[in-house]
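Coordinates in review
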Amino acid sequence: MEKKKVFIRSYAVSFKFQVLSDYYSSGESIGFISNKYSISKATVFRWNNEFETSSKSLSLSDELLNKLSDMRTKRQEIESEVLESKEALQAEIARLRKALEYSELRNDALQEVLKIGREEYGLDLLKKAGAKQ
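Residues numbered from 1 in each chain as written. Predicted model: local features only at pLDDT ≥ 70, side-chain atom pairs only at ≥ 80, totals over all residues. Heavy atoms only, no water.

For the rest of this paragraph, the subject is unusual backbone geometry. In this structure, serine 38 is a non-glycine residue whose phi angle is positive, near 55 degrees. Structurally, serine 38 can be placed in the loop between helix 2 (30-37) and helix 3 (41-50). (Helix = DSSP H or I, 4+ residues; strand = E, 2+ residues; numbered from the N terminus.)

This is how it looks when you write it as structure tokens:
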């Protein structure tokens with residue numbers, strides 16, 4: 001079995017800054033920028049997280065930097081909401097599992113009552129009491 005060779009491409013820092021600067025100044029989506037520069041969206045996301053964006057590094061205006069910080073805070077809020085919703089869903093799953101266990105236990109108890117009625121009294125409560133022929 002042969003191992004696959006992984007090709008890792010390295011980019012110059014100036015190219016990374018150029019891509020990020022274009023992304024923030026144009027207002028285009030990451031998908032558009034990644035297609036424009038023929039790189040993956042994941043690469044643009046990684047560069048965005050890797051480099052601290054400041055007015056010196058990207059030569060951005062204060063307005064764009066404020067917009068960038070707003071975008072990041074919104075993304076963090078969304079991530080925290082998703083985390084909270086995951087926790088709420090996990091709690092709901094736990095509650096439903098407990099309810100299912102209770103229902104199964106109740107069902108087993110009712111089956112036992114039917115069994116006792118059949119053995120002790122000769123009554124089969126599961127048969128329909130329809131017209132007799």
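The structure having been displayed, the exposition proceeds.
Of all the residues in helix 2, the buried ones are Ile30, Gly31, Ile33, Ser34 and Tyr37. For helix 2, the arc enclosing every buried residue in end-on projection is 165 degrees, short of the 170-degree limit, so these residues lie on one face. In this structure, the buried residues of helix 2 make contact with helix 1 (13-26) and helix 3. (Buried < 20%, exposed > 50% of the residue type's maximum accessible area, 1.4 Å probe, protein only. Arc of directions from axis to C-beta. Contact = heavy atoms within 4.5 Å.)

Low pLDDT means the predicted coordinates in that region are not meant to be read closely. Put simply, the protein has an average pLDDT of 81, and 83% of its residues get 70 or more. The lowest-confidence element of the protein is helix 4 (residues 55-58), averaging 51 in pLDDT; the highest-confidence one is helix 2, averaging 89. (pLDDT = per-residue confidence, 0-100.)

Our focus in this paragraph is the pattern of salt bridges. In a structure, side chains of opposite charge can pair up when their charged atoms sit close to one another. Evaluated as defined, the whole model comprises two salt bridges. For lysine 36, the salt bridge is made with aspartate 22, and the minimal N-O distance between the two is 2.8 Å. Taken together, the positions of lysine 36 in helix 2 and aspartate 22 in helix 1 put the pair 14 residues apart, joining distant regions of the chain. Across the pair glutamate 92 and arginine 95 runs a salt bridge, and its minimum N-O distance is 2.7 Å. Taken together, the residues glutamate 92 and arginine 95, both in helix 5 (residues 62-121) and three residues apart, mark about one turn of the helix. (Salt bridge = Lys/Arg side-chain N within 4 Å of Asp/Glu carboxyl O.)

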